[in-house]
Each structure stands twice: as structure tokens, then as C-alpha cells.
Amino acid sequence: MILSVCITVFSLSAYHIYDYWKETQDSQRQNDVLIDKAVETAPQTQQTENGQTESAIKPVSETAPITVDFERLQEENKDIIAWLYCPDTEINYLVVQSKDNEYYLRRLLDGTWNIAGTLFMDYRNAADCSDLHTIIYGHNMKNGSMFGKLKQMYESKKYKDSKYLWICTPNGKYRYEIFSMQYAKVGSDVYTLFSAHDEQFEAYVKKMAK
């Protein structure tokens, strides 16, 4: 009887592990398909006439390292509003926005239930990133996908070497400098949206900088 119970428990555990693995693979596969369809990464170097190599793109401060075809993306799903890219990491994902902060928490673009979900912007934010504080949610996946790499950046201080991230939208490309990283609990003030550049906002920025 004990052996039977052990075999049953092992079988159930193996099933859940496989199910988790399959869903994370499905999520990554869908994102990879869209990268192939609509995202082009700028080449890093090119050969000159004398055989030497030089940068094929302008400094990161001037030119985004990727080009995104939003017309093609929105043929897949109208909720796609942006693309998030962080050089030197594996963070290279589309961003959606729904009418709430629940729908894409555990769903893929086609509405399929999936533990990894899809990166999404807070429904209260302006989709063009014009707010003082734009919030993008993503799961801290154990396999390092989605926002799973952020923890590694925090612990290794890798952000000192890769301190910029890019958000591309249909209306423009924006470079952001990472100046603060922290573990945030539910109810933390990092989830606050600010309506004006006032004392409350200034105090928040100073707190994050510390």
C-alpha cells in the first residue's frame, strides 16, 4: 500500500512538472514566432573596406537596437501595444494591455490559459508610455523566462553593464536607464500611479534612488 501511494504521488508530481514545462515552452515558442515575424535586431558590427570592423549602428543613446513591425503584430492581436527589450539579457517580449490587470496574468495572446501568462501594461496607464510612471507586469519564472532574469540582474549587479532597456511602441522608441532595483511586495508604493509631477512623485523618485 505504501509503495502504491508513493508511485501515485510521484506520478502526480511528474505530471505537474511536465505540465509546467510544457506551458512555459508554449509561451516562449509563441513569443519566438512573433520575434521572427515582426522584430529585427540591428547588426552589431560590419566589415569596412580595409577589413576592420566598426559599429553598424549608432550609439545606444541615439538608436534603438531593434525594429518592430507593429502592423504585423496587431494582426495577431490588437492588444499588443509595445515591445520590451533589454540588451545583453533574454528579455525580449511583446507587451499587451487589457481592460483589467487579470486577463493576461495567466493567458497567452490567443486566450489560452498558461501559467507564464503574457507581459502586460497596467490598464490604467497610457499605452504610449506618456505617464510619469508606467507599470509593466511579468512573472518571475523559475526557468528564467519572462521577468525571471531580473532577479539574476539584481543579484549579480549585471545592470551596471546593461543599464538600459528599450520600450518600442507604434508611436516611438524609448530608452530607459535602470537606476533602481528592489524586491516589491503586494501593496508596495511601486504600484502607485501619479497624476502630476508634484511633491509626492518627487519623494517617490528619491526613495527609489536610495
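Reading the values: the criteria
- Residues numbered from 1 in each chain as written.
- Predicted model: local features only at pLDDT ≥ 70, side-chain atom pairs only at ≥ 80, totals over all residues.
- Heavy atoms only, no water.
- Helix = DSSP H or I, 4+ residues; strand = E, 2+ residues; numbered from the N terminus.
- Buried < 20%, exposed > 50% of the residue type's maximum accessible area, 1.4 Å probe, protein only.
- Core = buried A, V, L, I, M, F, W, Y, C linked by side-chain atoms within 4.5 Å.
- Contact = heavy atoms within 4.5 Å.
- Phe/Tyr/Trp six-rings, centres within 6.5 Å; stacked < 30°, edge-to-face > 60°.
- Polar contact = N/O pair within 3.5 Å; in protein donor to acceptor, adjacent residues only side chain to side chain.

Asker: What is the right way to look at unusual backbone geometry in this model?
Answerer: The phi angle at C129 is positive, at roughly 65°, despite the residue not being glycine. With respect to the secondary-structure elements, C129 resides in the loop between β7 (120–121) and β8 (136–137). Relative accessible area serves as the criterion here: at 8%, C129 is assigned to the buried category.

Asker: Help me understand the nonpolar core in this model?
Answerer: Buried together is how nonpolar side chains tend to be arranged in soluble globular proteins. If you look at the biggest cluster of nonpolar residues, it comprises 18 residues, and the most contacted ones within it are L84, I91, V95, L119, M146, F147 and I167. Those elements that provide at least two residues to this core are β5 (80–85) and β6 (92–96). No other element matches β5, which puts three residues into this core. Apart from the residues lying within four places of it in its own chain, the contact partners of V95 are D79, I80, I81, A82, L84, L119, F120, M121 and I136.

Asker: How should I be thinking about the packing of aromatic side chains in this particular structure?
Answerer: The geometry of two aromatic rings is summed up by the distance between their centres and the angle between their planes. Evaluated as defined, the whole model comprises five aromatic pairs. Arranged with centres 6.2 Å apart and planes meeting at 10°, the rings of Y137 and Y191 form a pair that is stacked. On the criterion of sequence distance, the pair formed by Y137 in strand β8 and Y191 in the loop between β10 (172–177) and α4 (199–209) is long-range, its members being 54 residues apart. Ring centres of F194 and F201 lie 5.2 Å apart, and the angle between their planes is 70°; this geometry places the pair in the edge-to-face category. On the basis of relative accessibility, which here comes to 10%, the residue F201 falls in the buried class.

Asker: Looking at this structure, how should I read the side chain of H133?
Answerer: Here H133 lies in the loop between β7 and β8. A relative accessible area of 14% places H133 in the buried class. Here the side chain of H133 touches Y204 through a polar contact of 3.5 Å, side chain to side chain. Beyond its immediate chain neighbours, meaning those up to four positions away, H133 contacts N125, V190, T192, L193, F194 and Y204.

Asker: Before we go on, may I ask you to explain the environment of A64 in this structure?
Answerer: Among the secondary structure elements, A64 is positioned in the loop between β3 (53–55) and β4 (66–68). The class of A64 is buried, set by a relative accessible area of 10%.

Asker: How should I be thinking about the environment of L84 in this particular structure?
Answerer: Among the structural elements, L84 can be located in strand β5. Classification of L84 by relative accessible area gives buried; the value is 7%. Placed 18 residues apart in sequence, L84 and I66 show a C-alpha to C-alpha distance of 10.0 Å. If sequence neighbours within four positions are ignored, L84 has contacts with I91, N92, Y93, V95, L119, F147, L165, W166 and I167.

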